[in-house]
Amino acid sequence: MNSNLLQRITYNPDICHGKPCIRGLRYPVELILELLSSGMTIDEILADYDDLEREDILASLQFAVRLSQVKSIYKIAS
């Protein structure tokens, strides 16, 4: 995997409540993943969001892959 793509994912407590976003823009990674999971293609997303780049979409997917590689999940008491 290209770790340079992950550099496109940023965290800032002042932007989108600190959620992981694309290049400091107000596009949370979760939005990109939701759009893809709803059936939109990369080209359709890029047409709707002019300031996004193909690499931003790929970075979101790579970020999701990294999150899914967690070895252990612990239940937190509620």
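All figures in this text were calculated on a predicted structure; none of them were measured in a lab. (Residues numbered from 1 in each chain as written. Predicted model: local features only at pLDDT ≥ 70, side-chain atom pairs only at ≥ 80, totals over all residues. Heavy atoms only, no water.)

Our next topic: the nonpolar core. Ranked by internal contacts, the top residues of the largest apolar core, which has 16 residues, are Ile9, Ile22, Ile45, Leu52 and Ile57. What Ile9 contacts, discounting residues up to four positions off in sequence, is Pro20, Cys21, Ile22, Val29, Ala59, Ser60 and Phe63. (Core = buried A, V, L, I, M, F, W, Y, C linked by side-chain atoms within 4.5 Å. Buried < 20%, exposed > 50% of the residue type's maximum accessible area, 1.4 Å probe, protein only. Contact = heavy atoms within 4.5 Å.)

A separate point is the packing of helix H2 (residues 29-37) against helix H4 (residues 54-68). With their axes 9 Å apart at the nearest point, H2 and H4 run at an angle of 95° to one another. Relative to H4, the element H2 is oriented roughly perpendicular. Here Val29, Ile32, Leu33 and Leu36 of H2 come into contact with H4, specifically with Ile57, Ser60, Leu61, Phe63 and Ala64. When its residues are assigned to classes, the contact of H2 with H4 shows 8 nonpolar, 1 polar and no charged. (Axes fitted to C-alpha atoms, helices over the stretch in contact; angles between N-to-C directions. Helix = DSSP H or I, 4+ residues; strand = E, 2+ residues; numbered from the N terminus. Parallel < 35°, antiparallel > 145°, perpendicular 65-115°, else oblique. Nonpolar A, V, L, I, M, F, W, Y, C, P; charged D, E, K, R; others polar.)

Considering all chains together, one arrives at 2 aromatic pairs under this definition. Relative to Tyr49, the ring of Tyr27 lies with its centre 5.4 Å away and its plane at 85°, an arrangement referred to as edge-to-face. Separated by 22 residues along the polypeptide, Tyr27 in the loop between strand S2 (21-22) and H2 and Tyr49 in the loop between helix H3 (42-48) and H4 bring together distant segments of the chain. (Phe/Tyr/Trp six-rings, centres within 6.5 Å; stacked < 30°, edge-to-face > 60°.)

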